[in-house]
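Reading the structure
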Amino acid sequence: MKRRFYFYNRGVNKTWYVAILNPKTGERLPARSTGTSDREKAEYLANKWYYEGIPKEKTSDPRSVKELCSVDKILSDLRSISLQNTDVRRFLRYFKEEGFINDISLRGNSNETFCDFLARIWDYENSPYVREKKAHGQRVGQTRCRDCSAALNNYWMPYFQDIPIYDITRQKLKDFSLTLSEKGLAAATINNIMDAGCVPLRWAYANELIETDPTSGLMRFSGKKKRRGILSVDEAEKLFSEGDWYGNEGARLGNLLAYQTGLRAGEIVFLKVRHLEQDRIKIEGSFSTVEGAKETKTQENREVPLLPEMRRALLNHAKKSPHGFGPENWIFFQESAKDRPMRQETFNKRLKKALYSIGINEVERKERSISFHSWRHLFAYIISKELDKKVMQLTGWKTEAMLENYSMHKTEADFQKAAEATGRIFSNILPFSHKATKEATV
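Residues numbered from 1 in each chain as written. Predicted model: local features only at pLDDT ≥ 70, side-chain atom pairs only at ≥ 80, totals over all residues. Heavy atoms only, no water.

**Considerations on a nonpolar patch on the surface**
Together, Ile 81, Leu 83, Phe 91, Tyr 94 and Phe 95 give the surface a local cluster of nonpolar side chains, amounting to about 450 Å² of exposed area. Judged by its relative accessible area of 37%, Phe 91 is partly exposed. (Patch = residues over 30% accessible without salt bridge, like charges linked within 9 Å, V, L, I, M, F, W, Y side chains within 5 Å. Areas by Shrake-Rupley, 256 points an atom, 1.4 Å probe, with all protein chains shown as cover. Salt bridge = Lys/Arg side-chain N within 4 Å of Asp/Glu carboxyl O. Buried < 20%, exposed > 50% of the residue type's maximum accessible area, 1.4 Å probe, protein only.)

**Some points on a positive patch on the surface**
A surface patch of like charges, here positive, comprises Arg 343, Lys 349, Lys 352, Lys 353 and Lys 366. If one sorts the elements of the positive patch by residue count, helix H13 (residues 344–357) sits on top with 3 residues. Tracing the backbone through its elements, the reader meets Lys 352 in helix H13. (Lys, Arg positive; Asp, Glu negative; His and termini not counted. Charge placed at Lys NZ, Arg CZ, Asp CG, Glu CD. Helix = DSSP H or I, 4+ residues; strand = E, 2+ residues; numbered from the N terminus.)

**Focus on the side chain of Asn 329**
In this structure, Asn 329 sits in the loop between helix H12 (308–318) and strand E10 (333–334). Look at Asn 329 and you get buried, because its relative accessible area is 16%. In this structure the side chain of Asn 329 is engaged in a polar contact, spanning 3.3 Å, whose partner is the backbone oxygen of His 323. At 3.3 Å, the side chain of Asn 329 forms a polar contact with the backbone oxygen of Gly 324. Those residues in contact with Asn 329 that lie beyond four places of it in its chain are Leu 271, Lys 272, Val 273, His 323 and Gly 324. (Polar contact = N/O pair within 3.5 Å; in protein donor to acceptor, adjacent residues only side chain to side chain. Contact = heavy atoms within 4.5 Å.)

**Remarks on the sheet that holds strand E1 (residues 5–10)**
The strand order E1-E2-E3 describes an open sheet built from 3 strands, whose pairing is antiparallel. Pairing within the sheet leaves two strands with one partner each, and these edge strands are E1 and strand E3 (32–33). In terms of strand pairing, strand E2 (residues 15–20) meets E3 through 2 bridges, oriented antiparallel. Paired with Val 18 across the two strands is Arg 32, which belongs to E3. Across the sheet, helix H1 (residues 39–52) lies against E1, E2 and E3, angled at about 140° from E1, the strand it touches most. (Pairing = 2+ DSSP bridges. Axes fitted to C-alpha atoms, helices over the stretch in contact; angles between N-to-C directions.)

**A word on the nonpolar core**
With 51 residues, the main nonpolar core has Leu 239, Leu 257, Leu 314, Phe 332, Phe 347 and Trp 375 as its most contacted residues. At the level of secondary structure, the elements contributing two or more residues to this core comprise helix H9 (233–242), helix H10 (249–261), helix H11 (265–269), strand E6 (280–283), H12, H13, helix H15 (374–384) and helix H18 (412–426). In terms of residues, this core owes the most to one element, H10, which gives 6 residues. Residues contacting Leu 314, with those up to four places away along its chain left out, are Leu 253, Leu 257, Leu 276, Leu 306, Ile 331 and Phe 332. (Core = buried A, V, L, I, M, F, W, Y, C linked by side-chain atoms within 4.5 Å.)

**What about the packing of aromatic side chains?**
Going through the model one piece at a time under the given rule, you end up with 21 aromatic pairs. Both rings, one in Tyr 259 and one in Trp 375, keep their centres 5.2 Å apart while their planes meet at 40°; by these two values the pair is tilted. Here Trp 375 lies in helix H15 and Tyr 259 lies in helix H10, a separation of 116 residues in the sequence. Given the relative accessible area of 1%, Tyr 259 is considered buried. Look at Trp 375 and you get buried, because its relative accessible area is 2%. Ring pairs connect the aromatic residues Phe 114, Trp 156, Tyr 159, Phe 160 and Phe 176, which therefore count as one cluster. (Phe/Tyr/Trp six-rings, centres within 6.5 Å; stacked < 30°, edge-to-face > 60°.)

**Considerations on the side chain of Arg 365**
Mapped onto the secondary structure, Arg 365 falls in helix H14 (residues 362–368). For Arg 365, a relative accessible area of 10% gives the class buried.

**Concerning the state of the cysteines**
Taken as a whole and assessed by the stated rule, the structure comprises 0 disulfides. Its sulfur unpaired, Cys 145 is 6.9 Å from the next cysteine sulfur, which belongs to Cys 148. Taking relative accessible area as the criterion, Cys 145 reaches 1% and is therefore assigned buried. The buried category is assigned to Cys 148, whose relative accessible area is 2%. (Disulfide = S-S within 2.5 Å.)

**Some words on the confidence of the model for the protein chain**
With 80% of its residues at a pLDDT of at least 70, the protein chain reaches an overall mean of 82. When pLDDT is averaged over each helix and strand of the protein chain, the minimum, 39, is found for helix H16 (residues 389–395) and the maximum, 96, for H13. The model gives residues 389–398 a pLDDT under 50, and that stretch makes 6 contacts with residues more than four places away or in other chains. Scored below 50 in pLDDT, residues 432–442 shows 25 contacts in the model against residues more than four places distant or in partner chains. (pLDDT = per-residue confidence, 0-100.)

**Here we look at helix H7 (residues 170–182)**
Look at H7: 19 Å from first C-alpha to last across 13 residues, which is about the 18 Å you get at 1.5 Å a residue. Looking only at H7, the buried set comprises Leu 173, Phe 176, Ser 177 and Leu 180. Across the axial projection of H7, the buried residues extend over an arc of 100°, all falling on one side. Residues of H7 that are buried sit in contact with helix H6 (142–160) and helix H8 (187–206). Positive backbone phi, at 85°, marks Gly 184, one or two positions downstream of H7. (Expected span 1.5 Å × (residues − 1). Arc of directions from axis to C-beta.)

**Digging into the pairing of strand E11 (residues 337–341)**
Strand residues, when the strand is regular, have side chains that alternate between the two faces of the sheet. Of the pairings in the sheet, the one linking E10 to E11 comprises 2 bridges and is antiparallel in character. Considered in E11, the bridge of Phe 333 is made with Pro 341.

**Regarding the pattern of salt bridges**
Inspection of every chain in the model, using the stated rule, returns 17 salt bridges. Between Arg 252 and Glu 249 there is a salt bridge, with its nearest N and O atoms 3.1 Å apart. With Arg 252 and Glu 249 both in helix H10 and 3 residues apart, this pair spans about one turn of that helix. For Glu 249, a relative accessible area of 26% gives the class partly exposed. Ionic pairing is found between Lys 272 and Glu 328, a salt bridge with its closest N-O pair at 3.4 Å. Pair noted here: Lys 272 is in the loop between H11 and E6 and Glu 328 is in the loop between H12 and E10, with a separation of 56 residues, a long-range link. For Glu 328, a relative accessible area of 47% corresponds to the partly exposed category. One network of salt bridges, in which partners are shared, links Glu 277, Asp 279, Arg 280, Lys 282 and Glu 303.

Below you can see the structure in the form of structure tokens.
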């Protein structure tokens, strides 16, 4: 008679285990405990299982020997064929759909490490991610790539080092995020650092470069965002009337224009002579030290009111450019470069010095979180008093959204109302020297 079982015992109690032998191949099927140290009882259970089926784990439903042999045959067949990644991917997806596994970690054909992959994604000139975004008309700038590359070098690379991309799991990402939290970083900073790695991973999953999205289910960090500090109106007046800008009239005028209009630094340095009309400024783009000329943040052109005194001061400053004075010349010029305007950083650096000269030292400035962008918030605070409060409540305008709506004038009448509000607020508090107010023409 052909042998049907293989018995062995183990443990302190010498419990008998039985493995049914595959009738066709003679190979052992997975062994099961009989729960008894009595050999006769063990043999009885083995014969019962053979004819009636072996109980499944954690359930009373039996599995027949035929079914077990079928599984055994599948495993035997797998050992005899050459599997490709696509084949394995199908099996793993089935197991995941059935709830047997959570994460899939499939070894790829590439030897590329996770950090090498991130570096490739944030290489603006060669990134397949950037190329795809552009092809679909979506924005991703060089500044964004530069910032993410910095996060990669400072945080991701030291932690993950040479780990392959297919070994990245949700748990590893979670552990990494917790180490960032332990460094005492702000919630917004941690989220930005995490995005530098999680955005590429989601893109890789969408493009079937990895089997699962390890970022799925990751929690973002929350915390009260540090509020941008602003100067008081009295401090602003003192800054422009008494502050020492160390002879940099461009930096002073740039800060003054931001105070009066709420414009961003990139929009201000982008201004050319032709953008100044009699009563308004045409905002048609922005300029970044990294990316050069580009669209505005909202990708829409707009107009903001321009007071006559401010227009004269700006044009008089533009006339001092060593590169000439004409419609295409920068207003905020850079003496050493004709094709590039003043650096945005100059506005902030000179502002810090001017603040110090009126008694606001660096410690206080940092505590109050005052920077060039504070002008945008101060302008919003001041101009909001001129707006219909009911309209603000209905629209739910906040600082940034309110500023965009304020300058998106649907009609000329809307623009004139905005211009009148600007005149009422700023005409008497913006200081200009007698020399600056002399008429300047294009």
